[in-house]
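The chain contents come next:
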Amino acid sequence: MTESELTSTTRRQNSVGPIAIIGGTGLDRLESLEITRRQVVDTPYGSVSAPLIHGRCSGQEVIFLPRHGEKHQIPPHRINYRANLWALRQSGARTLLAIAAVGGIRRDLAPGRLAVPDQIIDYTWAREHTFFDAGGDPVEHIDFTHPYCAELRAVLLRAAGDVGLAVAVDGTYGATQGPRLETAAEIRRMRRDGCDMVGMTGMPEAALAKELGLCYACCAVVANWAAGCGGSAISMQEIERILAPAMVSVARLIERVTEIG
Ligand code: HPA
């Protein structure tokens, strides 16, 4: 995509509404957001993780939603992904940037690294994973060949270059059920399957966004080596230690993404 195509794509996206940021572990607030209002949304699918935070970032309208709730109290398998995505779309967002902590499987995805995945393998189960649930005439089957929005991925990669962040430009995100972490054998299997990183929230979020026709991409933040890939056991303390500075980079990236708009 050329520079001018990229800019016109971004303008087109922004002209149809605010950009939504779904914050994950380590990003329950967005410091750079000048908050204008909080919105509690009722949805046909139940409760949203938290009130939507509306505001402005670099002059661009932004809606922020902490995926795990305001107090980081909702585990990955209990997140109401349908309500979250429905509420964001209902509020006018057509572009969704998901921030997600992951474990690194591929050798270059060391703790602290950022990545913009381009593929997904779904290992989750028993989650409400579709809006097309009630039967239909005809039955709906969305195309999910390319799970992430190419335009938003391009904007993310350009923004990363602009602010001098070394970001992995691709990768397959393996979505696991959680909340426990994986066994070493599970990660070996995921590596054989082609997974480059592992996280617990990437699905059904990406598929639901596609069902709603939203432009959705993910900025993955490597919090730890996946089970068996590093030397030591995975601890939440270590994950927090890695995520704190990485999220400063993510905040810079988000700011640049909104500036490009
Ligand atoms: N596995 C699954 N999800 C994760 C991990 C992991 O190692 N790290 C952060 N989220």
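Residues numbered from 1 in each chain as written. Predicted model: local features only at pLDDT ≥ 70, side-chain atom pairs only at ≥ 80, totals over all residues. Heavy atoms only, no water.

Colleague: Can you walk me through the nonpolar core in this structure?
Modeller: The tendency in soluble globular proteins is for nonpolar side chains to be buried side by side. With 40 residues, the main nonpolar core has Leu52, Leu85, Leu88 and Leu96 as its most contacted residues. The set of elements that each furnish at least two residues to this core consists of strand S1 (19-23), strand S4 (60-66), helix H2 (81-90), strand S5 (95-104), strand S9 (172-175), helix H5 (205-211) and strand S11 (215-225). Sort the elements by how many residues they give to this core and H2 lands first, with five residues. What leucine 88 contacts, discounting residues up to four positions off in sequence, is Ala20, Ile22, Leu52, Ile63, Leu65, Ala93 and Leu96. Core analysis: the second largest hydrophobic core is formed by 35 residues, Leu27, Leu33, Ala160 and Val257 among them. (Core = buried A, V, L, I, M, F, W, Y, C linked by side-chain atoms within 4.5 Å. Buried < 20%, exposed > 50% of the residue type's maximum accessible area, 1.4 Å probe, protein only. Helix = DSSP H or I, 4+ residues; strand = E, 2+ residues; numbered from the N terminus. Contact = heavy atoms within 4.5 Å.)

Colleague: So what exactly am I meant to see when it comes to the pattern of salt bridges here?
Modeller: Here the idea is simple: oppositely charged side chains can pair when their charged atoms come close. As enumerated under the stated definition, the model contains 14 salt bridges in all. A salt bridge links arginine 180 to glutamate 186, with the shortest nitrogen-to-oxygen separation between them at 2.9 Å. Given the relative accessible area of 26%, glutamate 186 is considered partly exposed. Each of Arg106, Asp108, Arg113, Asp170 and Asp196 takes part in salt bridges that share partners, so that together they form one network. (Salt bridge = Lys/Arg side-chain N within 4 Å of Asp/Glu carboxyl O.)

Colleague: Explain the site of the ligand here, please?
Modeller: The environment of the ligand is formed by Ala101, Val102, Gly103, Leu181, Glu182, Val198, Gly199, Met200 and Asn224. At a separation of 3.3 Å, a nitrogen atom of the ligand approaches a polar backbone atom of glycine 103. Between glutamate 182 and the ligand, the recorded distance is 2.8 Å, taken from a side-chain N or O atom to a nitrogen atom. Isolated, the ligand exposes 260 Å² of accessible area, and the fraction of that covered by the protein chains is 92%. At the level of elements, S5 and strand S10 (197-199) are the ones that each hand at least two residues to the shell around the ligand. Examining the composition of the shell around the ligand, we find that three residues originate from one element, S5, more than from any other. A breakdown of the residues in the shell around the ligand according to their chemical character gives five nonpolar, three polar and one charged. (Near = heavy atom within 4 Å. Polar contact = N/O pair within 3.5 Å; in protein donor to acceptor, adjacent residues only side chain to side chain. Areas by Shrake-Rupley, 256 points an atom, 1.4 Å probe, with all protein chains shown as cover. Nonpolar A, V, L, I, M, F, W, Y, C, P; charged D, E, K, R; others polar.)

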